[in-house]
Amino acid sequence: MRKHRILAGILAVALVLSLGGVNISAATGSPMTDAAEVPVPEGYCEQDYLKMYAFLEIADADGVKNGTKLNKNYDPMDPTTWGTTNENYDPEDPMTWGAGQNITWDEVTTGEGEDEVTVRYLWIFNAPDTFSFCSSLKRVIFLGDVTSIGEDAFSHTALESIHLPDSLTSLGNGVFSFCYDESKPDSGLKEIVLPYGINKISSELFQGCKNLRSVTLLGDVTVIEAFAFENTALQSIDFPDSLVRIGDSAFRGTELTEIFIPRDCAEIGQYAFRETPVTAFQVAQENQVFMAGEDGVLFSKDGKGLVLYPYGRESKTYAVPAIEKKAFYANPNLEEVTFPESLRDIGDQAFYRLPQLKRLTLPEGLEDITGTEVFAGCKTLRELKLPLTLKDISGDGVFYSIGITEMTLPGGMQDITGRDIFRCCESLTEVTFPSKMKKISGDCLFLGCTSLVEVVLPEKLEAISGSLIFASSGLEAVQFPASLKELGDATFEECTKLKEVHLPKDLQILGSSNFR
């Protein structure tokens, strides 16, 4: 063995950090003046070994060394006791590099025969929560070639400056999340450059960094995971052509005003750009999945499906050619939407909870509304006109809890097969069914419509097979047609104002709990 002199303050980072629930100490200022003779075992890179040794030998105020905090069997003279061991550790799988595999050495062999030499280099010093909640940590300097940083490593710190090494290839979930001090409005991380080796932006990576305005992606990033930049001050970002997927809520609550969808992007998660001032989308011409309309609205490549309406647009009206799921989800400004007669399908939650929507006329030619909760929660929607061509409403909760007071279903309707269609429409007082409708199959259609006092059932109605159709409503009376043969379960359950009913003579099936 050879001996080398080192300074115990070689890791010049001023902080106390946290690892797996224990406090880890680090040097707090200039190098210490007392030096120690340190034996370096054969086969280890001297520089890497000495750096790691110096860190592990630092003791806290109680005299407990970092090495002991990482491994109770720590022996400064035995590097096999440095850190702990993860039985599932796989050096090829970063997902196994978490707590337990704190220190990893990479063996590199050079030469042949008698000249063959194997040297161990420090490859990974990695652990979740390494510096999290170090509220005074503002600056980090990497002295070596770090390749991986574990999840939440710098979460909830006051970090303002960090230069990531070019060797970095992996960032865990939430590494820089909530780098912001609520008591200091201008605090925290404001800009960062991610090196060429980073090809995935992990979930929650910068979530809650309220002053983060600039992020530079140097590498061929393919995925931006969910919540990666949620609630940051990000004002612009250049996506590489390699980007394939943007996760749920990835940029929710940011300050982005324009988005350029790159060549390879094929998936945009729900709420990805919600609560942002985005007013327009742009799309690379080579993109095979999306295109942008002249007004900046995002469409499917064939132009037939509206994928996403910019959340920041202040227009009160919009003429819709076709609608994908969640296209207008919770848009705060729209009061009225105009549909083309070519419309044949509306996606799930396309107009969910629009707080200002007041009028709605669906176009002729539409035969079924198959989407789920398409207009649910639009409590200001007072005027609703359905097309004469409508035959069914098969999607669940299509008009759940909207603000209409009266509803006349069009004469061409043959059935209502969906569930919860008008459930909890608390202002609805009257419903008229088409005279030729013979069956009503959906469950809970008017459940909880507490103001509903009058229902005009079809003259030729033969079966109400759905359950709980008028349950917990305000019905005071109901007149059944002579043609009725079946009344499903709990149809009028908890209709406390219903005083008298006359069941038709040809009724054959009376379901359970009908008038309970």
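See above for the structure.
Residues numbered from 1 in each chain as written. Predicted model: local features only at pLDDT ≥ 70, side-chain atom pairs only at ≥ 80, totals over all residues. Heavy atoms only, no water.

Peer 1: Mind showing me how you'd approach the sheet that holds strand E32 (residues 486-487) here?
Peer 2: Pairing between the strands of a sheet comes from backbone hydrogen bonds, and it takes one of two forms, parallel or antiparallel. Spatially, 4 strands are ordered E28-E30-E32-E34 in an open sheet, and the strand pairing comes out parallel. Strands with a single pairing partner mark the edges of an open sheet, and in this sheet they are strand E28 (439-440) and strand E34 (509-510). Examined bridge by bridge, E28 and strand E30 (residues 463-464) share 2 bridges and lie parallel to one another. Bridging across to E30, Ile 440 finds its partner in Ile 464. (Pairing = 2+ DSSP bridges. Helix = DSSP H or I, 4+ residues; strand = E, 2+ residues; numbered from the N terminus.)

Peer 1: Teacher, can you tell me more about the nonpolar core here?
Peer 2: A general tendency of soluble globular proteins is for nonpolar side chains to be buried together. Core analysis: the largest hydrophobic core is formed by 65 residues, its most contacted members being Phe 351, Phe 375, Phe 399, Phe 433 and Phe 446. Sequence-distant contacts of Phe 433, defined by excluding residues within four places in its chain, comprise Leu 409, Ile 416, Ile 440, Phe 446, Val 455, Val 456, Leu 457, Pro 458 and Phe 470. (Core = buried A, V, L, I, M, F, W, Y, C linked by side-chain atoms within 4.5 Å. Buried < 20%, exposed > 50% of the residue type's maximum accessible area, 1.4 Å probe, protein only. Contact = heavy atoms within 4.5 Å.)

Peer 1: Honestly, the environment of Val 337 in this entry has me stumped. Any pointers?
Peer 2: Position of Val 337 among the secondary structure elements: in strand E23 (residues 336-338). The sequence separation of Val 337 and Lys 316 amounts to 21 residues, and the corresponding C-alpha distance is 8.5 Å. Beyond its immediate chain neighbours, meaning those up to four positions away, Val 337 contacts Tyr 318, Val 320, Phe 351, Leu 357 and Arg 359.

Peer 1: Please explain the side chain of Ser 483 as it appears in this structure.
Peer 2: Structurally, the position occupied by Ser 483 is in the loop between strand E31 (478-479) and E32. There is a polar contact of 2.6 Å between the side chain of Ser 483 and the backbone oxygen of Leu 461. (Polar contact = N/O pair within 3.5 Å; in protein donor to acceptor, adjacent residues only side chain to side chain.)

Peer 1: Can you help me understand the pattern of salt bridges in this one?
Peer 2: A side chain with one charge can pair with a side chain of the opposite charge if their charged atoms come near. Applying the stated criterion across every chain, the model contains 11 salt bridges. Across the pair Lys 65 and Glu 57 runs a salt bridge, and its minimum N-O distance is 2.8 Å. Overall, the relative accessible area of 29% leaves Lys 65 in the partly exposed class. Judged by its relative accessible area of 21%, Glu 57 falls in the partly exposed class. For the salt bridge of Glu 225 with Arg 245, the shortest nitrogen-to-oxygen distance reads 3.3 Å. One end of the pair, Glu 225, is in the loop between strand E14 (223-224) and strand E15 (245-246); the other, Arg 245, is in strand E15, and 20 residues separate them in sequence. Within this structure, Arg 419, Asp 420, Arg 423 and Asp 443 form a network of salt bridges that share partners. (Salt bridge = Lys/Arg side-chain N within 4 Å of Asp/Glu carboxyl O.)

Peer 1: What should I look at first to understand a negative patch on the surface in this one?
Peer 2: Taken together, the side chains of Glu 112, Glu 114, Asp 115 and Glu 116 present a region of like negative charge at the surface. When you line up the elements, Glu 114 lands in the loop between strand E5 (103-110) and strand E6 (117-125). (Patch = residues over 30% accessible without salt bridge, like charges linked within 9 Å, V, L, I, M, F, W, Y side chains within 5 Å. Areas by Shrake-Rupley, 256 points an atom, 1.4 Å probe, with all protein chains shown as cover. Lys, Arg positive; Asp, Glu negative; His and termini not counted. Charge placed at Lys NZ, Arg CZ, Asp CG, Glu CD.)

Peer 1: Please explain the packing of aromatic side chains as it appears in this structure.
Peer 2: A ring pair, where both rings are aromatic, is described by two values, the distance of the centres and the angle of the planes. All told, the structure shown has 26 aromatic pairs when counted by the stated rule. A centroid spacing of 5.2 Å and a plane angle of 10 degrees characterise the contact between Phe 351 and Phe 375, whose relative ring orientation is stacked. With Phe 351 in the loop between E23 and strand E24 (359-361) and Phe 375 in the loop between E24 and strand E25 (383-385), this pair connects stretches of sequence that are 24 residues apart. Like Phe 375, Phe 351 is buried. Consider the rings of Phe 399 and Phe 422, whose centres lie 5.4 Å apart with planes at 10 degrees: the pair is stacked. Of this pair, Phe 399 sits in the loop between E25 and strand E26 (406-408) while Phe 422 sits in the loop between E26 and strand E27 (430-432), placing them 23 residues apart in sequence. In this structure Phe 399 comes out as buried when scored by relative accessible area, which is 0%. Residue Phe 422 is classed as buried on the basis of its relative accessible area, which comes to 0%. (Phe/Tyr/Trp six-rings, centres within 6.5 Å; stacked < 30°, edge-to-face > 60°.)

Peer 1: Would you take a moment to explain the sheet that holds strand E29 (residues 454-456) for this structure?
Peer 2: One open sheet accounts for 3 strands, arranged E26-E27-E29; its pairing is parallel. Sheet topology places E26 and E29 at the edges, where each strand pairs with a single neighbour. Strand-to-strand twist across the sheet, computed as the mean angle between neighbouring axes with direction ignored, equals 5 degrees. (Axes fitted to C-alpha atoms, helices over the stretch in contact; angles between N-to-C directions.)

Peer 1: Can you walk me through unusual backbone geometry in this structure?
Peer 2: Note on backbone geometry: most residues besides glycine have negative phi, and most peptide bonds are trans. A positive phi angle, close to 60 degrees, is found at Phe 178, a residue other than glycine. Along the chain, the position of Phe 178 falls in the loop between strand E10 (170-171) and strand E11 (191-194). If you check the backbone angles, Ala 490 has positive phi at about 55 degrees while not being a glycine. Relative to the assigned elements, Ala 490 resides in the loop between E32 and strand E33 (501-502).

Taken by themselves, the reported measurements are silent on function.
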